[in-house]
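Structure assessment
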Amino acid sequence: MMSNMATEDPYVTPVKYVKMVGPRRAEQLARLKLFTIHDLLYHFPREYVDRSQLVSPFDRHSGDMVTVIGRVLSCQENRSRKNLIITKAALECARGIFYAVWFNRFHVKKTLEPGTSLYISGKLNNGFGHLEVHVQDYEIITGEGDSIHAGRIVPVYPATSGVTQRMLRTFVYAALEQWRQSYREFLPRRVLDKEGLMALPDALQQVHFPDSHALAEQARRRFVFEELFLFQLQLALLRHNITRVKKLHGYGRVNKLMQKYMANLSFMLTAAQSRVVDEITVDMESPHPMNRLLQGDVGSGKTVVAVLTLLKAVESGLQGALMAPTEVLAEQHYLSLDRSLSSLGVRVALLNGGLPVKERRALLEQIANGEVSIIVGTQALLQEDVIFKSLAVVVIDEQHRFGVRQRGILQKKGVYPDLLIMTATPIPRTLSMTVYGDLDVSVIDALPPGRQPVRTYYVVPEELSKVFQFVARHVSEGRQAYVVCPLVEESEKLDLQAAEDLFQQLVKGELRMCRVALLHGRMKRADKELVMEQFRAGLVDVLVSTTVIEVGIDVPNAGVMVIVDADRFGLAQLHQLRGRVGRGGDQAHCILSARLRSREAAERIKAMKTSQDGFYLAEKDLQIRGPGDMAGVRQSGMPEFRLANLLKDRDLLGAARRQAMVLISDDPELRNGEYHLLRLVLERLIKEGSSYYHIG
Ligand code: ADP
Ligand code: MG
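What you see is a predicted model, and the numbers here were worked out from it, not measured in a lab.

Cut-off values and rules
- Along every chain, residues carry numbers that run from 1 in the direction the sequence is written.
- Chains carry letters and ligands carry numbers; both start at the beginning, A for chains and 1 for ligands, and go up in the order they are written.
- For a predicted model such as this one, the threshold for reporting local features is a pLDDT of at least 70, and the threshold for listing and counting side-chain atom pairs is 80 or more; totals across whole chains, interfaces and linings nevertheless cover every residue.
- Neither water nor hydrogens contribute to the side-chain values; these are computed over all heavy atoms in the structure.
- Strands are runs of DSSP state E lasting at least 2 residues, helices are runs of H or I lasting at least 4, and numbering of each runs from the N terminus.
- For every residue, the accessible area obtained with a 1.4 Å probe (protein chains only) is divided by the maximum for its type, and the residue is called buried under 20%, exposed over 50%, and partly exposed between those limits.
- Note on contacts: a residue pair is in contact if any heavy atoms of the two residues lie within 4.5 Å.
- Here the accessible surface of atoms and residues is derived via Shrake-Rupley with a 1.4 Å probe, and residues count as covered only by protein chains that are part of the display.
- Working note: the arc is built from the helix axis to C-beta atom directions.
- What counts as a ring pair is set by centres within 6.5 Å for rings of Phe, Tyr and Trp (its six-membered ring), and what kind of pair is set by the plane angle: stacked under 30 degrees, edge-to-face over 60, tilted for all other angles.
- In this scheme, Lys NZ or Arg CZ marks a charge over a ring once it lies within 6 Å of the ring centre and within 35 degrees of the ring normal.
- Here a residue counts as near a molecule or strand whenever at least one of its heavy atoms sits within 4 Å of it.
- For the purposes of these results, a polar contact is taken to be a pair of N or O atoms within 3.5 Å, where, inside protein, one atom must be able to donate a hydrogen and its partner to accept one; residues adjacent in sequence count only when each atom of the pair is a side-chain atom.
- Under the convention adopted here, Pro, Cys and the residues Ala, Val, Leu, Ile, Met, Phe, Trp and Tyr are nonpolar, Asp, Glu, Lys and Arg are charged, and Gly plus all remaining residues are polar.
- Between any two strands, at least two bridges found by DSSP are needed for them to pair.
- Axis lines are fitted to C-alpha atoms, over the contacting stretch for helices. Their N-to-C directions set the angle, which ranges from 0 to 180 degrees.
- For salt bridges, the criterion is a side-chain nitrogen of Lys or Arg within 4 Å of an Asp or Glu carboxyl oxygen.
- Oblique is the label for any angle not under 35 degrees, not over 145, and not in the 65 to 115 range, which are roughly parallel, roughly antiparallel and roughly perpendicular in turn.
- The hand of a helix crossing depends on one turn: near helix anticlockwise from the far one by less than a right angle means left-handed, and clockwise means right-handed.
- Under the convention used throughout, the expected extent of a helix is 1.5 Å for every residue step, that is, one less than its residue count.

1. Section: the overall build of the chain
- A count of helical and extended segments in the chain gives 25 helices and 20 strands.
- Across the 696 residues in the chain, those meeting the buried criterion constitute 55%.
- Across the chain, every contact between residues at least 6 apart in sequence was considered, and the portion connecting residues at least 24 apart equals 73%.
- For the chain, the computed accessible surface area is about 31,300 Å², with 51% contributed by carbon and sulfur atoms.

In structure tokens:
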């Protein structure tokens, strides 16, 4: 039965067909999003432990790193004076008794029943007359299969509760035996040779069960390249297609509405804004669709540019859409557009998720028959039933939250509409070309005149009380403030609790004389809207919030930003948050409260104190961050990859980009038979929409 399975396509064969998996375990694997054989084989190890040399602890010296086997005799848990949890197990091996020690690993003891056998890796310590291993990694030995789990360099996978390392290892091992040979190399021969990459079936074997660390690294390199190359190919294809297409819509050259709108503004456009508007106008008047990225630091005035872009469409009797990543931001855009455009006779509508059915239907009708000219919304704009009469231009705000796929869907709603993508999250210049390879780039490189740099301070948490007194004084002068508490995915509940606690504490304490409101992502839409409305209207003085306010919010009267646990934010995010204040002419303040537990945190705070320049900070962020900091990468707004790390793998990214461009300019349709498999892989990726570029 198994033998003919091996001929089936690993990309579609369900993982339950792997030996020993079956339906029940397949369900557990589904929690890791492993559905097919291919998913399982592309579930790469996050690291390896070297169990190729099992030793006896009695043969080694204090300070050595060892991997040993032992059987638990007893185990106890103690609390040290410094409140550290110390778990200590007495273990037996062929040569005698030794000890294994864990620090602050709360759940270890439960798993260490007497009689249990373990692999243990860690540092040997020969102190106080007995032999200890300070455990870095351990694994409970169950049943058979020790040629898989020991005597070799062993993979360690991203796992989840109920799916152990041993299970994963066993399944991957079996899947490799059955399916490895059904993988055929799809990267072009020339590319493999040029970049010195390991070929596919071997790379699969070596990435999971490497014969040496060097081979593991070579295998990883191949998959990183593969991932980046496929990504770059998609960008190159997008670009190739778009530059050949001719638009069906066109614009008049009279820009009366735009001029009226500008005349109504209380300020003049900066030179940088004007230049960008010119670039956009040229693009829009060209026969090919615009495909432009607008980078501009926080507060540089991108919204005005967006409005002018949309007005250019309205001017010619066409429609424009403005898409924002959060409902709070979409609503803000809607309100400000509606305010400034209704007097010009331009109809603006807001399409958010969760509209009552009837209202939504009425609105869709108006969009379809062209009664509304500008439609603002979140991703709700992407839903299938949203049909435009004449969508000519699409502006996407805070692009880093949207993926290539979202871009594509929205574009298809018009007949190749013009596309303007705006971002404040500065991808460092050194990376932007590779990440946004399919776009033209405009930059607003100067802030509006009269802005004073935001004064930035660092305090330890003990000083927060004084900080909040400062906030209260600021409020008494008629100004407003933000207090931001972090929300980290792993324990949203706990974080929410922390925000609520802080809110309660402030209301009763330092800010009892102020009108304080709480805003977080779990609140109902209507409640969120109400809070924001009150804050904008000045009916709320202090907004205590989780990071839902991170992007885009514009309330110029807010002059103080307090960030609690600032060490938990990435540099790009801190910069975004600080950008919420200092939007008027007055001196603004940003206070970062944190306990600096790591060098990185200290350097981030220092960078925030020394610079207000988003591009500089983005570069700095790259330098400070250690490789492998995926959470940080996500916050920085760079695309996420399964395996590749844009910080560590910059060189490969460059190589992948060059190879992709060469290939697409040689053979844009990938018609050559040599590229047959590659084309299939790409088509599948595009169809699944598993473009590596995720939504944030
Ligand atoms: P961002 O680029 O971060 O989206 P916004 O578009 O929200 O920035 O603009 C920030 C603030 O600066 C807004 O209050 C806006 O009205 C104001 N602004 C924009 N352009 C100018 C300008 N040329 N002169 C003065 N203020 C401006
Ligand atoms: Mg903005």
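Now that the structure is up, let's keep going.
2. Here we look at helix 10 (residues 256-264)
- Within helix 10 the residues assigned to the buried category are Leu257, Met258 and Tyr261. Summarising the axial view, the buried residues of helix 10 lie within an arc of 100°, below the 170-degree limit, and thus occupy one face. Turned more than 90 degrees away from the buried face of helix 10 sit Lys256, Gln259, Lys260 and Ala263, all of them exposed.
- Those residues of helix 10 that are buried lie in contact with helix 11 (271-285), helix 12 (302-315) and helix 13 (327-341).

3. Comments concerning the packing of aromatic side chains
- Taken as a whole and assessed by the stated rule, the structure comprises nine aromatic pairs.
- Measuring from ring centre to ring centre gives 5.1 Å for Tyr42 and Phe44, while their planes differ by 50°; the resulting arrangement is tilted.
- In this structure Tyr42 comes out as buried when scored by relative accessible area, which is 7%.
- For Phe44, a relative accessible area of 8% puts it in the buried group.
- Centroid distance Phe44 to Phe223: 4.6 Å. Interplanar angle 35°. Geometry classified as tilted. Taken together, the positions of Phe44 in the loop between helix 3 (37-41) and strand 1 (47-50) and Phe223 in helix 9 (residues 213-244) put the pair 179 residues apart, joining distant regions of the chain.
- According to the relative accessible area criterion, Phe223 is buried, its value standing at 2%.
- Pairwise contacts between aromatic rings join Tyr11, Tyr42, Phe44, Tyr183 and Phe223 into one cluster.
- In this structure, Lys88 packs its charged tip against the face of Tyr99, placed 5.3 Å from the ring centre.

4. Some words on the site of ligand 1
- Near ligand 1, the surroundings consist of 16 residues, among which Met268, Gly299, Lys302, Thr303 and Arg451 are the closest.
- With respect to ligand 1, the backbone of Met268 contributes an N or O atom lying 2.8 Å from a nitrogen atom.
- With respect to ligand 1, the side chain of Lys302 contributes an N or O atom lying 2.7 Å from an oxygen atom.
- The class makeup of the residues in the shell around ligand 1 is five nonpolar, six polar and five charged.

5. Section: the pairing of strand 16 (residues 480-484)
- With five of five residues buried, strand 16 lies mostly within the body of the structure.
- Bridge analysis of strand 16 against strand 18 (residues 542-545) gives four bridges, and the strand direction is parallel. Within strand 18, the position partnered with Val484 by the bridge is Ser545.

6. A few points about the sheet that holds strand 12 (residues 391-396)
- Taking strand neighbours across the sheet as the criterion, the seven strands line up as 10-11-9-12-13-8-14 in an open arrangement whose pairing is parallel. Unpaired on one side and paired on the other, strand 10 (348-351) and strand 14 (440-444) mark the two borders of the sheet. On average, each strand axis in the sheet is tilted by 20° relative to the strand beside it, whichever way the strands run.
- Pairing analysis gives five bridges linking strand 8 (residues 291-296) to strand 14, with the strands arranged parallel. Within strand 14, the residue paired with Leu294 across the bridge is Ser442.
- Lying over the sheet, helix 11 contacts strand 8, strand 12, strand 13 (418-423) and strand 14, oriented at roughly 155° with respect to strand 14.

7. Describing the environment of Val277
- Relative to the helices and strands, Val277 is located in helix 11.
- Judged by its relative accessible area of 10%, Val277 is buried.
- With sequence-adjacent residues up to four places away left out, Val277 is seen in contact with Met258, Leu269, Val305 and Leu308.

8. Describing the pattern of salt bridges
- Within the structure shown, the criterion is met by 32 salt bridges.
- For Glu331, the salt bridge goes to Arg536, with nearest N and O atoms at 3.4 Å. One end of the pair, Glu331, is in helix 13; the other, Arg536, is in helix 19 (residues 525-536), and 205 residues separate them in sequence.
- The buried category is assigned to Glu331, whose relative accessible area is 6%.
- Overlapping salt bridges, with partners in common, bring together Arg275, Glu279, Asp283, Arg292 and Asp445 in one network.

9. Here's the deal with unusual backbone geometry
- Phi is positive for Met20, close to 75°, though the residue is something other than glycine.
- Relative to the assigned elements, Met20 resides in the loop between helix 1 (2-5) and helix 2 (22-30).

10. Regarding the pairing of strand 2 (residues 65-79)
- Examined bridge by bridge, strand 2 and strand 5 (residues 117-127) share seven bridges and lie antiparallel to one another. Following the sheet pairing, Ile69 is matched in strand 5 by Tyr119.
- Taken together, the eight bridges between strand 2 and strand 3 (residues 85-93) define a ladder with antiparallel strand orientation. Within strand 3, the position partnered with Asn78 by the bridge is Ile86.
- Where strand 2 folds back onto strand 3 in an antiparallel hairpin, the turn is made up of five residues, including Asn83, whose phi is positive at roughly 70°.

11. Some words on the environment of Ser390
- Tracing the chain through its elements places Ser390 in the loop between strand 11 (374-377) and strand 12.
- For the pair formed by Ser390 and Ala313, sequence separation is 77 residues and the distance between their alpha carbons is 9.5 Å.
- Look past the residues within four positions of Ser390 in its chain and what remains in contact with it is Gly317, Leu318 and Gln319.

12. Some thoughts on the packing of helix 12 against helix 13
- Running from amino to carboxyl end, helix 12 crosses helix 13 at an angle of 60°, the nearest separation of the two axes being 12 Å. Regarding the angle of helix 12 to helix 13, the classification is oblique. Relative to helix 13, the crossing made by helix 12 is right-handed. In contact with Thr303, Val307, Leu310 and Leu311 of helix 12, helix 13 contributes His333, Leu337 and Leu341.
- Residue composition of the contact of helix 12 with helix 13, by class: five nonpolar, two polar and no charged.

13. Quick notes on helix 11
- The end-to-end C-alpha separation of helix 11 is 21 Å, in line with the 21 Å expected for 15 residues at 1.5 Å each.
- Every buried residue of helix 11 is accounted for by Ala272, Gln273, Val276, Val277, Ile280, Thr281, Asp283 and Met284.
- On its buried face, helix 11 is in contact with helix 10, strand 8, helix 12, strand 12, strand 13 and strand 14.

14. Brief notes about the sheet that holds strand 17 (residues 516-519)
- Here six strands make up an open sheet; going across it, the order is 15-20-19-16-18-17 and the pairing parallel. Bordering the open sheet on either side are strand 15 (455-459) and strand 17, each of which pairs with just one other strand. Taken pair by pair, the neighbouring strands of this sheet meet at an average axis angle of 15°, ignoring direction.
- Most of the contacts of helix 17 (residues 464-476) go to strand 19 (residues 558-563), to which it runs at about 165°, and overall it touches strand 15, strand 16, strand 18, strand 19 and strand 20 (589-593).
- Taken strand by strand, helix 20 (residues 571-578) contacts strand 15, strand 16, strand 19 and strand 20, and its axis lies near 150° from that of strand 19.

Scope: geometric values only; no functional claims are made or implied.
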